[in-house]
Amino acid sequence: TDVDSVPPVYFDTRFKLGLPLADLPDSFAIITAHATTGEVWTAEDNNTASETLRAELASSGQLIGTITGYSPVTQHAEPGYAAALEFEEACKIGARFKQDAIFYVSSGTLFVSHCDHRRSLKPITRFEKRADPEQAT
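Residues numbered from 1 in each chain as written. Predicted model: local features only at pLDDT ≥ 70, side-chain atom pairs only at ≥ 80, totals over all residues. Heavy atoms only, no water.

Caption draft 1: The overall build of the protein, seen in detail. Within the protein one finds four helices and eight strands. Helices and strands in the protein line up, N terminus first, as α-β-β-α-β-β-α-β-β-β-α-β. The 137 residues of the protein split such that 43% are buried. Accessible area of the protein: about 7300 Å², with a carbon and sulfur share of 54%. Taken as two groups, the 12 positive and 19 negative side-chain charges of the protein have centres that lie 3 Å from each other. (Helix = DSSP H or I, 4+ residues; strand = E, 2+ residues; numbered from the N terminus. Buried < 20%, exposed > 50% of the residue type's maximum accessible area, 1.4 Å probe, protein only. Areas by Shrake-Rupley, 256 points an atom, 1.4 Å probe, with all protein chains shown as cover. Lys, Arg positive; Asp, Glu negative; His and termini not counted. Charge placed at Lys NZ, Arg CZ, Asp CG, Glu CD.)

Next up, the structure:
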């Protein structure tokens, strides 16, 4: 297989929105801070990393809201954040939080990209096709 290829699981990911779809800007990044694919961290480590990421995005004014990415196959879910970031900066933050990849939405298209030297936007589909509206509580 191509060593640069993104794991297929990323192409199946769906997103539970913590805010209305209409509130999202034209371009934004979706970043999580949970254990990288293939690694196992404790719940405490995941939560600490996630909270650190949230606080950093909030303090810089880039936090838009929460978006949880999940696999419709395994139901594995990772709480993440929608952030008003340029693609390159989103990759740098993802890499700093030990992420293999980030998602990026631009003009309604959902992309995935590695955070390292293999960085490049790979289109998946229209974001709205993968977005589940926020659940009324």
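Caption draft 2: The environment of Tyr10, seen in detail. Structurally, Tyr10 is set in helix 1 (residues 9-12). Since its relative accessible area comes to 11%, Tyr10 is described here as buried. It is 9.6 Å that separates the C-alpha atoms of Tyr10 and Phe111, two residues lying 101 residues apart in sequence. Looking at Tyr10, its side chain comes within polar contact range of the side chain of Asp100, at 3.2 Å. (Polar contact = N/O pair within 3.5 Å; in protein donor to acceptor, adjacent residues only side chain to side chain.)

Caption draft 3: Inspection of the sheet that holds strand 3 (residues 63-70) at higher detail. Reading across from one edge, 7-6-5-2-4-3-1-8 is the order of the eight strands in this open sheet, with mixed pairing throughout. Where the open sheet ends on each side, the last strands, each with one partner, are strand 7 (122-126) and strand 8 (131-132). Packed on one face of the sheet, helix 2 (residues 43-59) meets strand 2 (27-32), strand 3 and strand 4 (77-83) and runs near 10 degrees to strand 4. Contacts from helix 3 (residues 87-96) reach strand 2, strand 5 (101-106) and strand 6 (109-114) within the one sheet, and its direction differs from that of strand 5 by about 160 degrees. (Pairing = 2+ DSSP bridges. Contact = heavy atoms within 4.5 Å. Axes fitted to C-alpha atoms, helices over the stretch in contact; angles between N-to-C directions.)

Caption draft 4: Examining the packing of aromatic side chains more closely. Counted according to the given criterion, the structure contains five aromatic pairs. Taking the centre distance of 5.0 Å and the plane angle of 85 degrees together, the rings of Phe15 and Phe103 count as edge-to-face. Separated by 88 residues along the polypeptide, Phe15 in strand 1 (residues 14-17) and Phe103 in strand 5 bring together distant segments of the chain. By relative accessible area, Phe15 is classed as buried at 1%. Aromatic side chains Phe15 and Phe127 sit 5.7 Å apart centroid to centroid with 45 degrees between the ring planes, which places their arrangement in the tilted category. A residue pair is termed long-range when its members are at least 10 positions apart, and Phe15 in strand 1 and Phe127 in helix 4 (residues 127-130) qualify at 112 residues. Here Phe127 falls in the buried class, since its relative accessible area comes to 3%. The lysine or arginine in question, Lys16, covers the ring of Tyr70, its NZ or CZ lying 4.4 Å from the ring centre. (Phe/Tyr/Trp six-rings, centres within 6.5 Å; stacked < 30°, edge-to-face > 60°. Lys NZ or Arg CZ within 6 Å of the ring centre and 35° of its normal.)

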